[in-house]
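A structural walkthrough
In case you want the letters, here they are:
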Amino acid sequence: MDNNTTTPEKVHVLIIGSGPAGYTAAIYAARANMKPVLYQGIQPGGQLTITTEVENYPGYPEGIQGPEMMVDFEKQAKRMGADIRWGIATKVDFSEQPYKVWIDDEHLIIADAIIICTGASAKWLGLESEQRLNGFGVSACAVCDGFFFRGKDVAIVGAGDTAAEEALYLSKLCTSVHMIVRRDAMRASKVMQDRVLNAPNIKVYWNSVTDEVLGDHKVHGVRIKNTETNTTEEVAVSGFFVAIGHKPNSDIFKPWVDMDETGYINTIPGTTKTNVEGVFAAGDVQDKNYRQAVTAAGSGCMAALDAERYITAKGLA
Ligand code: NDP
């Protein structure tokens, strides 16, 4: 298949994105004979490819490396007959059916149904040390990686509900949690703030920023800078968690698909349907609450079933 052609290509079900949601949608759609075409996007395999061990995905009693799990998902989708391709959806036009999606700005696909599984990306501080030690003590998901720091000291950056929730989660596993808050107040809801402030092993550093994550091959500390006093201190920690928010990868859909003010796609509760008939959304791009591989996979399955029902009802099968 030459993907660089300018001639439009007609597909039945187009899946955009390749995390657990996208691959699961592809497995179900392929088994239902809907001949899905899946474009993998900027980060084939999604956020799991930047984690290390995954221990909470059912079916892997010994745990599995995130990248390896995504290779398994891809293999399974291919074995079912899904057409998995490299490429990034760069523009869409959902003004009339069948819908148009441009891949890499040049290849035009026309699809009966579309499943958006473009995920979300964790926001990072932008420090070189943070990037270098990512997966070696630096993480953006306490629920995924907190377990590896049982009985150890950790730091977390952020002051929203996610940071508060993750700090509390970590406080139950770790000896101490050092929470770095850039202002003199937290954005998190009052109840979450109270819980954080009352946790005996969470220490809050107000008006503070991360100067550096310390460690050559794995994290062994963090240098915290107080912006009021302009002083720094080094704290020994084994884990460094960043919880400053996520950005859903939904920009290209903005003109057409309803989303909340932060860019998460709105779906009709209990379904994966968006406001655009025949366009479905699954995984983290429509979920700011759970954000787990298993919940993303579950919603990918739902999206494939919703798409199949839509195609059958429309007589497009
Ligand atoms: P938020 O955008 O609410 O909070 C991000 C936090 O990170 C803010 O405290 C912000 O500081 C801080 N921050 C941002 N950039 C930096 C930086 N460069 N350095 C240091 N700190 C930084 O994101 P959340 O992920 O916490 O929450 C997203 C949404 O999901 C919210 O609406 C939240 O209420 C909701 N949510 C609800 C939950 C629940 O109800 N159980 C659980 C989790 C999330 P500042 O305040 O100074 O801007």
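Remember, it's a predicted structure, so these values are computed and weren't measured experimentally.

**Some remarks on the overall build of the protein**
Of regular secondary structure, the protein possesses 7 helices and 19 strands. Here the C-alpha radius of gyration of the protein, 21 Å, is about what a compact globule of 317 residues would show, namely 20 Å. The dimensions of the protein, computed from C-alpha atoms along their principal axes, are 65 × 40 × 35 Å. With the model as given, the accessible surface of the protein reaches about 15,200 Å², and the carbon-plus-sulfur share is 51%. Across the protein, the 30 positively charged side chains and the 39 negatively charged ones have centroids separated by 3 Å.

**Some words on the sheet that holds strand S15 (residues 221–226)**
Sheet strands associate in pairs through backbone hydrogen bonding, adopting either a parallel or an antiparallel arrangement. Spatially, S14-S15-S16 is the arrangement adopted by the 3 strands of the open sheet, whose pairing is antiparallel. With one partner strand each, in any of the chains shown, strand S14 (208–214) and strand S16 (231–235) form the two edges of the open sheet. Averaged over all neighbouring strand pairs, the angle between strand axes comes to 25°, with direction disregarded. Relative to S15, S14 runs antiparallel, the two being bridged by 6 bridges. Along S15, the bridge assignment pairs Ser208 with Asn226.

**With respect to the packing of helix H1 (residues 20–31) against helix H2 (residues 66–79)**
Two elements in contact, H1 and H2, have axes whose closest approach is 8 Å; the angle formed by their N-to-C orientations is 20°. Between H1 and H2, the angle falls in the class roughly parallel. Crossing geometry of H1 relative to H2 is assigned as left-handed. Every residue of H2 that contacts H1 at Pro20, Tyr23, Thr24, Ala26 and Ile27 is listed here: Met70, Phe73, Glu74, Gln76 and Ala77. Within the contact of H1 with H2, the residues separate by chemical class into 7 nonpolar, 2 polar and 1 charged.

**Considering unusual backbone geometry**
Leave glycine aside and you will find that most residues have negative phi; peptide bonds, for their part, are mostly trans. Going from Gln97 to Pro98, the amide bond is cis rather than trans, its omega being -10°. Following the sequence through the fold, Pro98 ends up in the loop between strand S6 (89–93) and strand S7 (99–103). In this model, Asn230 sits at a positive phi of 60°, which is unusual for a non-glycine residue. Tracing the sequence through the fold places Asn230 in the loop between S15 and S16. Notably, Arg291 is not glycine yet its phi reads approximately 55°, a positive angle. Mapping Arg291 onto the fold places it in the loop between strand S19 (279–281) and helix H7 (293–313).

**Quick notes on the packing of aromatic side chains**
Using the criterion set out here, one finds 6 aromatic pairs in the structure. The interplanar angle of 20° and the centroid separation of 6.3 Å between the aromatic rings of Phe94 and Phe253 together place this pair among those described as stacked. Placement of the pair is Phe94 in the loop between S6 and S7 and Phe253 in the loop between strand S18 (246–248) and S19, with a sequence separation of 159 residues. We note that Phe94, like Phe253, is buried. Aromatic side chains Phe149 and Phe241 sit 5.6 Å apart centroid to centroid with 85° between the ring planes, which places their arrangement in the edge-to-face category. A residue pair is termed long-range when its members are at least 10 positions apart, and Phe149 in the loop between helix H4 (142–145) and strand S11 (153–157) and Phe241 in strand S17 (residues 239–242) qualify at 92 residues. In terms of burial, Phe149 and Phe241 fall into one category: buried. Taken together, the aromatic side chains of Tyr57, Tyr60 and Phe73 make up a single cluster linked through ring pairs. Its guanidinium or amino end placed over the ring of Trp102, Lys91 lies 4.4 Å from that ring's centre, counting from NZ or CZ. Seen from the ring of Phe147, Arg150 lies directly overhead, with NZ or CZ sitting 3.8 Å from the centre.

**Re the pairing of S17**
Along any regular strand the residues' side chains alternate between the sheet's two faces. Side chains Gly239 and Phe241 project from S17 onto one buried face, and the interleaved Phe240 and Val242 project onto a second face that is buried too. Pairing between strand S10 (residues 138–139) and S17: 2 bridges, direction parallel. Bridging from a neighbouring strand, Val138 pairs with Phe240 of S17. Bridge analysis of S11 against S17 gives 4 bridges, and the strand direction is parallel. Among the inter-strand pairings, Val154 is bridged to a residue of S17, identified as Gly239.

**Thoughts on the state of the cysteines**
Tallying each qualifying case throughout the model produces 1 disulfide. Just so you know, Cys117 is unpaired, no disulfide at all, and the nearest cysteine sulfur is the one on Cys301, 12 Å from it. Cys174 carries a free sulfur, and the closest cysteine sulfur to it, the one in Cys141, is 13 Å from it.

**With respect to the site of the ligand**
Neighbouring the ligand are 14 residues, the closest being Asp161, Thr162, Arg182, Arg183 and Arg187. The separation between an oxygen atom of the ligand and a polar side-chain atom of Arg183 is 2.7 Å. For the ligand, whose free accessible area comes to 920 Å², the fraction covered by protein is 69%. Among the elements that line the shell around the ligand, the one with the most residues is helix H5 (residues 161–173), at 3 residues. By residue class, the composition of the shell around the ligand is 4 nonpolar, 4 polar and 6 charged.

Reading the values: rules and limits
- Residues numbered from 1 in each chain as written.
- Predicted model: local features only at pLDDT ≥ 70, side-chain atom pairs only at ≥ 80, totals over all residues.
- Heavy atoms only, no water.
- Helix = DSSP H or I, 4+ residues; strand = E, 2+ residues; numbered from the N terminus.
- Rg over C-alpha atoms; globule rule 2.2 N^0.38 Å.
- Areas by Shrake-Rupley, 256 points an atom, 1.4 Å probe, with all protein chains shown as cover.
- Lys, Arg positive; Asp, Glu negative; His and termini not counted.
- Charge placed at Lys NZ, Arg CZ, Asp CG, Glu CD.
- Pairing = 2+ DSSP bridges.
- Axes fitted to C-alpha atoms, helices over the stretch in contact; angles between N-to-C directions.
- Parallel < 35°, antiparallel > 145°, perpendicular 65-115°, else oblique.
- Left-handed = near helix turned anticlockwise from the far one by under 90°.
- Contact = heavy atoms within 4.5 Å.
- Nonpolar A, V, L, I, M, F, W, Y, C, P; charged D, E, K, R; others polar.
- Phe/Tyr/Trp six-rings, centres within 6.5 Å; stacked < 30°, edge-to-face > 60°.
- Buried < 20%, exposed > 50% of the residue type's maximum accessible area, 1.4 Å probe, protein only.
- Lys NZ or Arg CZ within 6 Å of the ring centre and 35° of its normal.
- Disulfide = S-S within 2.5 Å.
- Near = heavy atom within 4 Å.
- Polar contact = N/O pair within 3.5 Å; in protein donor to acceptor, adjacent residues only side chain to side chain.

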